[in-house]
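The primary structure of each chain is shown beneath.
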Amino acid sequence: MQRGDDGKKALYVTYNQTLMEVEEQGRNAGMIEGRKEGELEAALSLFRKSKITAEEAAEEAGISVEEFKEKAAAMP
C-alpha cells in the first residue's frame, strides 16, 4: 500500500495481476454460460422425450416459454 500525492491511500497492482483477474473473470463467465446451455439442453431433451411440458422445460432452463419454444425450434 502506498500513498498518493494527495495523502490518500492508493492500491497499486501490477499489469500481470490485472491480466490474471480479467482472465479469471472470463473463465467464470464462461462457466456460468456453459451451465445455462447445459440446463437448456437437458430441459430440451426431456421435452422432446415427452417427459415434461414446454412450460416445465422453460422453468427448468430459467427462460420464458416463448423463448424456450424458439430455441427448441432452432436446435437440431
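Just above sits the structure.
Values in this document were obtained by computation on a predicted structure and should not be read as measured data. (Residues numbered from 1 in each chain as written. Predicted model: local features only at pLDDT ≥ 70, side-chain atom pairs only at ≥ 80, totals over all residues. Heavy atoms only, no water.)

Caption draft 1: Inspection of the packing of aromatic side chains at higher detail. Tallying each qualifying case throughout the model produces 1 aromatic pair. Their ring planes at 85° and their centres at 5.4 Å tell us that Phe47 and Phe68 sit as a pair that is edge-to-face. In this pair, Phe47 is assigned in helix H1 (residues 15–48) and Phe68 in helix H3 (residues 65–74), connecting sequence segments 21 residues apart. (Phe/Tyr/Trp six-rings, centres within 6.5 Å; stacked < 30°, edge-to-face > 60°. Helix = DSSP H or I, 4+ residues; strand = E, 2+ residues; numbered from the N terminus.)

Caption draft 2: Main features of unusual backbone geometry. If you check the backbone angles, Ser50 has positive phi at about 60° while not being a glycine. Of note, Ser50 is situated in the loop between H1 and helix H2 (54–61). Using a relative accessible area of 64% as the deciding quantity, one classes Ser50 as exposed. (Buried < 20%, exposed > 50% of the residue type's maximum accessible area, 1.4 Å probe, protein only.)

Caption draft 3: Spatial organisation of the nonpolar core. Listed in full, the 9 residues of the largest apolar core are Leu40, Ala43, Leu44, Ala54, Ala57, Ala58, Ala61, Phe68 and Ala72. Listing elements by their share of this core, those giving two or more residues are H1, H2 and H3. With 4 residues, the top contributor of residues to this core is H2. Dropping the residues within four chain positions of it, Ala57 is found in contact with Ala43, Phe47, Ile52 and Phe68. (Core = buried A, V, L, I, M, F, W, Y, C linked by side-chain atoms within 4.5 Å. Contact = heavy atoms within 4.5 Å.)

Caption draft 4: Just the pattern of salt bridges, in detail. Inspection of the entire model under this criterion finds 1 salt bridge. Between Glu23 and Arg27 there is a salt bridge, and its shortest N-O distance comes to 3.6 Å. Of this pair, Glu23 and Arg27 are both found in helix H1, 4 residues apart, which corresponds to roughly one turn of the helix. Relative accessible area serves as the criterion here: at 52%, Glu23 is assigned to the exposed category. Residue classification places Arg27 among the partly exposed positions, given a relative accessible area of 46%. (Salt bridge = Lys/Arg side-chain N within 4 Å of Asp/Glu carboxyl O.)

Caption draft 5: Structural detail: a negative patch on the surface. On the surface, Glu39, Glu55, Glu56, Glu59 and Glu60 cluster together into a patch of negative charge. Here the element with the most residues in the negative patch is H2; it accounts for 4 residues. Following the sequence through the fold, Glu55 ends up in helix H2. Look at Glu55 and you get partly exposed, because its relative accessible area is 45%. (Patch = residues over 30% accessible without salt bridge, like charges linked within 9 Å, V, L, I, M, F, W, Y side chains within 5 Å. Areas by Shrake-Rupley, 256 points an atom, 1.4 Å probe, with all protein chains shown as cover. Lys, Arg positive; Asp, Glu negative; His and termini not counted. Charge placed at Lys NZ, Arg CZ, Asp CG, Glu CD.)

Caption draft 6: Up close: H2. Among the residues of H2, Ala54, Ala57, Ala58 and Ala61 are the ones counted as buried. Buried residues in H2, looked at end-on, bunch into an arc of 100°, giving them a common side. Facing away from the buried side of H2 by more than 90 degrees, the exposed set consists of Glu59 and Glu60. Residue Gly62 follows H2 closely and has a positive phi angle near 75°. (Arc of directions from axis to C-beta.)

These figures come from the coordinates and say nothing about function on their own.
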